[in-house]
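In case you want the letters, here they are:
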Amino acid sequence: MVPRTQLRDIRKELPLRVLSPADWEQWTTHGYAVVRRAVPQEHVERLTRALWEFEDMRPDDPATWYADRTDSPRLPGHSGLVEIYNHQAMWDNRQHQRVYDAFVDIWDTAALWVVIDFANVNPPNRGPRTFEGFVHWDVDTSRRPLPISCQGVLSLSAGDEEIGGFQCVPTVFEKLDGWLAGQPSDRDPMTPDLTGHSVVTVPVDPGDLIIFNSLLPHGVRPNRSADRVRMAQYISMAPALEEDTALREHRVRFWRDRIPPHEHEGSTRKRERDLYGPAELTPLGERLLGLTSWS
(Lines give C-alpha, C1' and ligand atoms only; values in the text may rest on other atoms or scores of the structure.)
Protein backbone atom coordinates (compact mmCIF):
# COMPACT_ATOMS: atom_id res chain seq x y z
CA MET A 1 0.00 0.00 0.00
CA VAL A 2 1.43 3.39 -1.02
CA PRO A 3 0.45 6.00 1.61
CA ARG A 4 -1.39 9.04 0.29
CA THR A 5 -2.41 10.84 3.51
CA GLN A 6 0.12 12.80 5.50
CA LEU A 7 0.71 11.02 8.81
CA ARG A 8 -0.35 14.03 10.87
CA ASP A 9 -3.67 14.10 8.99
CA ILE A 10 -4.66 10.45 9.50
CA ARG A 11 -8.09 10.02 11.08
CA LYS A 12 -7.80 6.90 13.21
CA GLU A 13 -9.91 3.88 12.35
CA LEU A 14 -7.98 1.31 14.39
CA PRO A 15 -7.95 1.64 18.19
CA LEU A 16 -4.70 2.83 19.74
CA ARG A 17 -2.56 -0.09 20.92
CA VAL A 18 0.43 1.60 22.56
CA LEU A 19 0.12 5.36 22.18
CA SER A 20 -2.20 7.21 24.54
CA PRO A 21 -4.53 9.97 23.29
CA ALA A 22 -1.98 12.45 24.66
CA ASP A 23 0.80 10.71 22.74
CA TRP A 24 -1.29 10.90 19.58
CA GLU A 25 -1.84 14.62 20.11
CA GLN A 26 1.91 15.06 20.62
CA TRP A 27 2.57 13.10 17.42
CA THR A 28 0.18 15.05 15.21
CA THR A 29 1.06 18.46 16.67
CA HIS A 30 4.79 18.32 17.39
CA GLY A 31 5.84 15.56 14.97
CA TYR A 32 7.17 12.98 17.42
CA ALA A 33 6.08 10.59 20.14
CA VAL A 34 8.05 8.69 22.78
CA VAL A 35 7.17 5.07 23.49
CA ARG A 36 8.47 4.40 26.98
CA ARG A 37 9.96 0.94 27.66
CA ALA A 38 9.35 -0.11 24.06
CA VAL A 39 11.60 -3.15 24.57
CA PRO A 40 12.58 -5.08 27.72
CA GLN A 41 15.82 -4.34 29.55
CA GLU A 42 17.31 -7.68 28.49
CA HIS A 43 16.87 -6.66 24.85
CA VAL A 44 18.76 -3.44 25.55
CA GLU A 45 21.57 -5.31 27.28
CA ARG A 46 21.95 -7.90 24.49
CA LEU A 47 22.27 -5.32 21.74
CA THR A 48 24.56 -3.14 23.84
CA ARG A 49 26.94 -6.08 24.30
CA ALA A 50 26.76 -6.86 20.59
CA LEU A 51 27.68 -3.28 19.63
CA TRP A 52 30.62 -3.16 22.04
CA GLU A 53 31.89 -6.38 20.45
CA PHE A 54 31.19 -5.37 16.84
CA GLU A 55 33.09 -2.11 17.31
CA ASP A 56 35.98 -3.77 19.20
CA MET A 57 35.35 -1.42 22.10
CA ARG A 58 35.55 -2.18 25.83
CA PRO A 59 33.40 -0.29 28.34
CA ASP A 60 36.30 -0.10 30.82
CA ASP A 61 38.92 1.17 28.32
CA PRO A 62 38.16 4.58 26.77
CA ALA A 63 41.21 4.25 24.52
CA THR A 64 39.31 1.60 22.53
CA TRP A 65 36.44 4.02 21.93
CA TYR A 66 38.57 6.08 19.53
CA ALA A 67 40.47 3.39 17.64
CA ASP A 68 39.68 2.39 14.06
CA ARG A 69 35.92 2.09 13.84
CA THR A 70 33.34 0.90 11.33
CA ASP A 71 31.61 4.28 11.18
CA SER A 72 30.06 5.21 7.85
CA PRO A 73 30.62 8.68 6.34
CA ARG A 74 26.98 8.84 5.23
CA LEU A 75 26.17 11.15 8.14
CA PRO A 76 28.08 14.35 8.95
CA GLY A 77 31.39 14.00 10.75
CA HIS A 78 31.86 11.38 13.44
CA SER A 79 28.15 11.00 14.18
CA GLY A 80 28.55 7.33 15.08
CA LEU A 81 26.60 5.54 12.35
CA VAL A 82 27.55 1.84 12.48
CA GLU A 83 26.99 -0.44 9.48
CA ILE A 84 25.42 -3.35 11.35
CA TYR A 85 21.97 -4.50 10.27
CA ASN A 86 21.19 -8.16 10.82
CA HIS A 87 22.31 -9.15 14.31
CA GLN A 88 19.82 -11.30 16.20
CA ALA A 89 19.52 -8.64 18.91
CA MET A 90 18.48 -6.05 16.32
CA TRP A 91 15.83 -8.35 14.87
CA ASP A 92 14.57 -9.15 18.37
CA ASN A 93 13.80 -5.45 18.80
CA ARG A 94 12.25 -5.08 15.34
CA GLN A 95 9.90 -8.00 15.89
CA HIS A 96 9.02 -7.10 19.47
CA GLN A 97 5.25 -6.76 19.75
CA ARG A 98 5.21 -3.39 21.52
CA VAL A 99 7.48 -1.83 18.88
CA TYR A 100 5.30 -3.16 16.07
CA ASP A 101 2.09 -2.05 17.78
CA ALA A 102 3.44 1.50 18.11
CA PHE A 103 3.95 1.72 14.36
CA VAL A 104 0.48 0.25 13.78
CA ASP A 105 -0.79 3.21 15.78
CA ILE A 106 1.23 5.64 13.64
CA TRP A 107 0.19 4.24 10.26
CA ASP A 108 -3.31 3.03 11.23
CA THR A 109 -2.69 -0.26 9.42
CA ALA A 110 -1.40 -3.66 10.53
CA ALA A 111 0.33 -4.70 7.27
CA LEU A 112 3.79 -3.20 7.76
CA TRP A 113 7.35 -3.86 6.68
CA VAL A 114 10.25 -2.94 8.93
CA VAL A 115 13.12 -0.86 7.58
CA ILE A 116 16.41 -2.79 7.75
CA ASP A 117 18.38 -0.01 9.37
CA PHE A 118 21.67 0.53 11.18
CA ALA A 119 22.89 1.39 14.70
CA ASN A 120 24.69 4.27 16.38
CA VAL A 121 27.67 4.26 18.76
CA ASN A 122 28.73 7.72 19.83
CA PRO A 123 31.53 8.19 22.39
CA PRO A 124 32.22 11.55 24.04
CA ASN A 125 33.77 14.23 21.86
CA ARG A 126 37.51 13.78 22.06
CA GLY A 127 40.39 14.98 19.87
CA PRO A 128 39.99 14.27 16.15
CA ARG A 129 36.64 12.55 16.74
CA THR A 130 34.89 15.81 17.60
CA PHE A 131 31.31 15.96 16.33
CA GLU A 132 29.32 19.19 16.50
CA GLY A 133 25.87 17.82 15.76
CA PHE A 134 23.38 18.81 13.07
CA VAL A 135 19.71 19.35 12.20
CA HIS A 136 18.31 18.35 8.80
CA TRP A 137 15.61 16.48 6.95
CA ASP A 138 16.13 13.04 5.40
CA VAL A 139 13.51 13.86 2.77
CA ASP A 140 13.40 16.53 0.08
CA THR A 141 10.98 19.19 1.33
CA SER A 142 10.81 20.80 -2.11
CA ARG A 143 8.85 17.83 -3.47
CA ARG A 144 5.12 18.17 -4.05
CA PRO A 145 3.25 16.48 -2.65
CA LEU A 146 5.50 16.37 0.40
CA PRO A 147 6.98 12.93 1.19
CA ILE A 148 5.10 10.70 3.64
CA SER A 149 7.24 8.67 6.02
CA CYS A 150 8.37 8.32 9.61
CA GLN A 151 11.56 7.29 11.36
CA GLY A 152 12.44 5.91 14.76
CA VAL A 153 15.38 5.62 17.14
CA LEU A 154 15.52 3.12 20.00
CA SER A 155 17.77 4.39 22.78
CA LEU A 156 20.09 1.86 24.41
CA SER A 157 21.43 4.41 26.88
CA ALA A 158 19.99 7.29 28.85
CA GLY A 159 19.66 10.37 26.68
CA ASP A 160 19.93 13.96 27.91
CA GLU A 161 21.49 17.25 26.83
CA GLU A 162 24.95 16.18 28.05
CA ILE A 163 25.24 12.82 26.30
CA GLY A 164 23.34 14.12 23.29
CA GLY A 165 21.25 12.06 20.93
CA PHE A 166 18.01 12.85 19.14
CA GLN A 167 17.16 16.54 18.79
CA CYS A 168 14.42 18.24 16.80
CA VAL A 169 12.65 21.52 16.01
CA PRO A 170 8.90 21.05 16.69
CA THR A 171 8.03 24.70 16.06
CA VAL A 172 8.96 24.37 12.37
CA PHE A 173 6.88 21.20 12.03
CA GLU A 174 3.86 22.71 13.78
CA LYS A 175 3.52 25.47 11.15
CA LEU A 176 5.30 23.71 8.31
CA ASP A 177 3.09 24.85 5.42
CA GLY A 178 3.29 28.49 6.45
CA TRP A 179 7.00 28.20 7.24
CA LEU A 180 7.74 26.72 3.80
CA ALA A 181 5.69 29.43 2.10
CA GLY A 182 7.81 32.09 3.77
CA GLN A 183 11.17 30.63 2.73
CA PRO A 184 13.20 31.87 -0.26
CA SER A 185 12.96 29.91 -3.51
CA ASP A 186 16.66 28.97 -3.41
CA ARG A 187 16.57 27.50 0.12
CA ASP A 188 18.25 24.18 0.92
CA PRO A 189 15.36 21.64 0.94
CA MET A 190 17.32 19.29 3.21
CA THR A 191 18.55 21.81 5.81
CA PRO A 192 16.16 24.27 7.51
CA ASP A 193 16.93 27.84 8.46
CA LEU A 194 16.37 27.75 12.23
CA THR A 195 16.35 31.50 12.80
CA GLY A 196 13.91 32.20 15.61
CA HIS A 197 13.44 28.51 16.49
CA SER A 198 14.79 26.44 19.37
CA VAL A 199 16.29 22.98 19.04
CA VAL A 200 14.79 20.53 21.54
CA THR A 201 16.65 17.55 23.03
CA VAL A 202 14.25 14.75 23.94
CA PRO A 203 15.23 12.95 27.19
CA VAL A 204 14.95 9.16 27.10
CA ASP A 205 15.77 6.09 29.17
CA PRO A 206 17.28 2.86 27.85
CA GLY A 207 14.59 0.99 25.92
CA ASP A 208 12.60 4.10 24.97
CA LEU A 209 11.64 4.51 21.30
CA ILE A 210 11.26 7.93 19.66
CA ILE A 211 9.11 7.86 16.51
CA PHE A 212 9.20 11.03 14.45
CA ASN A 213 7.62 12.33 11.28
CA SER A 214 10.22 12.68 8.49
CA LEU A 215 8.98 16.26 7.95
CA LEU A 216 10.17 17.16 11.46
CA PRO A 217 13.60 18.85 11.33
CA HIS A 218 15.81 16.57 13.40
CA GLY A 219 19.35 15.45 13.96
CA VAL A 220 21.94 14.33 16.48
CA ARG A 221 23.16 16.39 19.42
CA PRO A 222 26.89 15.91 20.17
CA ASN A 223 28.03 13.80 23.10
CA ARG A 224 29.68 16.27 25.46
CA SER A 225 29.72 13.96 28.48
CA ALA A 226 32.94 13.05 30.23
CA ASP A 227 32.72 9.28 30.08
CA ARG A 228 29.40 8.02 28.64
CA VAL A 229 29.00 6.29 25.30
CA ARG A 230 25.62 6.78 23.60
CA MET A 231 24.18 3.80 21.74
CA ALA A 232 20.99 3.47 19.72
CA GLN A 233 19.26 1.37 17.07
CA TYR A 234 17.31 2.98 14.25
CA ILE A 235 13.92 1.29 13.79
CA SER A 236 11.12 2.33 11.48
CA MET A 237 8.21 0.72 9.66
CA ALA A 238 6.02 1.56 6.68
CA PRO A 239 3.09 -0.02 4.85
CA ALA A 240 4.12 -3.28 3.18
CA LEU A 241 4.56 -3.21 -0.60
CA GLU A 242 3.83 -6.89 -1.11
CA GLU A 243 2.99 -6.46 -4.79
CA ASP A 244 6.62 -5.40 -5.42
CA THR A 245 8.11 -8.88 -5.83
CA ALA A 246 11.62 -7.67 -6.61
CA LEU A 247 11.76 -5.48 -3.50
CA ARG A 248 10.47 -8.32 -1.34
CA GLU A 249 13.13 -10.67 -2.70
CA HIS A 250 15.86 -8.08 -2.05
CA ARG A 251 14.68 -7.66 1.54
CA VAL A 252 14.73 -11.41 2.17
CA ARG A 253 18.23 -11.61 0.70
CA PHE A 254 19.47 -8.84 3.02
CA TRP A 255 18.32 -10.90 6.00
CA ARG A 256 19.25 -14.37 4.71
CA ASP A 257 22.76 -13.45 3.46
CA ARG A 258 23.50 -10.82 6.14
CA ILE A 259 24.40 -8.12 3.64
CA PRO A 260 23.79 -4.37 3.97
CA PRO A 261 20.94 -2.81 1.99
CA HIS A 262 23.56 -0.75 0.13
CA GLU A 263 27.26 -0.96 -0.59
CA HIS A 264 29.60 -0.40 2.36
CA GLU A 265 30.62 3.23 2.52
CA GLY A 266 32.72 3.07 5.66
CA SER A 267 35.25 0.55 6.88
CA THR A 268 34.75 -2.98 5.56
CA ARG A 269 36.97 -4.68 8.12
CA LYS A 270 33.93 -6.54 9.43
CA ARG A 271 31.15 -8.15 7.41
CA GLU A 272 28.12 -9.57 9.14
CA ARG A 273 27.97 -12.61 6.87
CA ASP A 274 31.36 -13.66 8.28
CA LEU A 275 30.25 -13.34 11.89
CA TYR A 276 26.89 -15.11 12.29
CA GLY A 277 24.04 -16.82 10.51
CA PRO A 278 20.59 -15.45 9.70
CA ALA A 279 18.60 -14.13 12.65
CA GLU A 280 15.73 -16.29 13.84
CA LEU A 281 12.41 -14.69 13.02
CA THR A 282 9.11 -15.01 14.82
CA PRO A 283 5.91 -15.28 12.75
CA LEU A 284 5.58 -11.50 13.20
CA GLY A 285 9.19 -10.99 12.12
CA GLU A 286 8.60 -13.04 8.95
CA ARG A 287 5.76 -10.74 7.99
CA LEU A 288 7.69 -7.59 8.87
CA LEU A 289 10.51 -8.76 6.59
CA GLY A 290 8.29 -9.89 3.74
CA LEU A 291 9.20 -13.57 3.99
CA THR A 292 5.54 -14.29 4.79
CA SER A 293 2.63 -12.35 3.33
CA TRP A 294 0.27 -10.40 5.56
CA SER A 295 -2.60 -11.77 3.50
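These figures come from a predicted structure and were not determined experimentally.

Caption draft 1: Representation of the sheet that holds strand β6 (residues 150-155). One open sheet accounts for six strands, arranged β1-β9-β6-β11-β4-β2; its pairing is antiparallel. With partners counted over all chains shown, the strands left at the sheet margins are β1 (32-35) and β2 (81-82), one partner each. Against the sheet, helix α1 (residues 21-30) touches β1, β6 and β9 (209-213), its axis set at about 150 degrees to β1. On top of the sheet, helix α2 (residues 41-54) reaches β2, β4 (119-122) and β11 (230-234); it is set at about 105 degrees to β11, its chief contact.

Caption draft 2: Geometry of the sheet that holds strand β10 (residues 218-221). Overall, antiparallel pairing links the four strands, which are arranged β5-β10-β7-β8 in an open sheet. With one partner strand each, in any of the chains shown, β5 (134-136) and β8 (200-201) form the two edges of the open sheet. Sheet topology note: the strand β7 (residues 165-168)/β8 ladder contains two bridges and is antiparallel. Counterpart to Gln167 in the pairing with β8 is Thr201.

Caption draft 3: Expanded view of the side chain of Asn125. Along the polypeptide, Asn125 turns up in the loop between β4 and β5. Reaching out from Asn125, the side chain makes a polar contact with the backbone oxygen of Phe131 at a distance of 2.9 Å. Leave out the neighbours within four places in its chain, and Asn125 touches Thr130, Phe131, Glu132, Pro222, Asn223 and Arg224.

Caption draft 4: Layout of helix α7 (residues 245-257). In this model α7 runs 18 Å from its N-terminal to its C-terminal C-alpha over 13 residues, within 8% of the 18 Å that 1.5 Å per residue would give. The secondary structure elements touched by the buried residues of α7 are α3 (88-94), β3 (112-114) and α8 (283-289). Just downstream of α7 lies Arg258, where phi reads positive at about 55 degrees.

Caption draft 5: Just the environment of Trp113, in detail. Residue placement: Trp113 occurs in strand β3. For the pair formed by Trp113 and Asp140, sequence separation is 27 residues and the distance between their alpha carbons is 22 Å.

Caption draft 6: Representation of the packing of aromatic side chains in the model. Within the structure shown, the criterion is met by eight aromatic pairs. Ring centres of Tyr100 and Trp294 lie 5.7 Å apart, and the angle between their planes is 15 degrees; on these two criteria the pair is classed as stacked. With Tyr100 in helix α4 (residues 97-107) and Trp294 in the segment after α8, this pair connects stretches of sequence that are 194 residues apart. A residue is classified by how much of its surface remains accessible, and Tyr100, at 4% relative accessible area, is buried.

Caption draft 7: Structural detail: unusual backbone geometry. Here the residue pair Arg144 and Pro145 is connected by a cis peptide bond, since its omega of 0 degrees sits within 30 degrees of zero. Phi angles above zero are rare outside glycine, and Asp56 is one such case at about 55 degrees. One can find Asp56 in the loop between α2 and β2. At Arg258, a residue that is not glycine, the phi angle is positive and equals roughly 55 degrees. On the secondary structure map, Arg258 appears in the loop between α7 and α8.

Caption draft 8: A look at the nonpolar core. Within the largest apolar cluster, 83 residues are counted, with the highest numbers of intra-cluster contacts made by Phe103 and Ile211. Per-element accounting of this core gives the leading share, seven residues, to α4. Ignoring any residue separated from it by four or fewer positions in sequence, one finds Ile211 in contact with Trp27, Gly31, Tyr32, Ala33, Val35, Ala102, Phe103, Ile106, Cys150, Gln151 and Gly152.

Caption draft 9: Representation of empty space enclosed by the protein within the structure. All chains considered together, the criterion is met by three cavities of 30 Å³ or more. Taken as a whole, the largest cavity encloses approximately 100 Å³ of empty space. Lining the largest cavity are 14 residues, with Ser155, Phe166, Val204, Ile210 and Arg230 sitting closest to its centre. Looking at the lining of the largest cavity, the elements that each hand over two or more residues are β6, β7 and β11. In terms of residue class, the lining of the largest cavity is built from eight nonpolar, four polar and two charged.

Caption draft 10: A look at the layout of surface pockets. In this structure, the largest pocket occupies an estimated 630 Å³ of space. As for the largest pocket, its lining consists of 29 residues, of which Asp117, Phe118, Asp138, Gln151 and Tyr234 are closest to the centre. Residue contributions to the lining of the largest pocket peak at four residues, all from β6. The residue makeup of the lining of the largest pocket, split by class, is 15 nonpolar, ten polar and four charged. Here the second largest pocket defines a volume of roughly 330 Å³. Surrounding the second largest pocket, 20 residues form its lining, Trp113, Val115, Ala238, Leu241 and Arg251 being those nearest its centre. Of all the secondary-structure elements, those providing two or more residues to the lining of the second largest pocket are β3, β12 (237-239) and α7. Its residues placed into classes, the lining of the second largest pocket shows 17 nonpolar, two polar and one charged.

What counts, and at which threshold
Residues numbered from 1 in each chain as written. Predicted model: local features only at pLDDT ≥ 70, side-chain atom pairs only at ≥ 80, totals over all residues. Heavy atoms only, no water. Pairing = 2+ DSSP bridges. Helix = DSSP H or I, 4+ residues; strand = E, 2+ residues; numbered from the N terminus. Contact = heavy atoms within 4.5 Å. Axes fitted to C-alpha atoms, helices over the stretch in contact; angles between N-to-C directions. Polar contact = N/O pair within 3.5 Å; in protein donor to acceptor, adjacent residues only side chain to side chain. Expected span 1.5 Å × (residues − 1). Phe/Tyr/Trp six-rings, centres within 6.5 Å; stacked < 30°, edge-to-face > 60°. Buried < 20%, exposed > 50% of the residue type's maximum accessible area, 1.4 Å probe, protein only. Core = buried A, V, L, I, M, F, W, Y, C linked by side-chain atoms within 4.5 Å. 1 Å grid on protein atoms, 1.4 Å probe; cavity = no way out; pocket = protein on both sides within 12 Å on 5 of 7 lines; lining within 4 Å. Points joined across faces, edges and corners; volume = space filled by probe spheres on them. Nonpolar A, V, L, I, M, F, W, Y, C, P; charged D, E, K, R; others polar.

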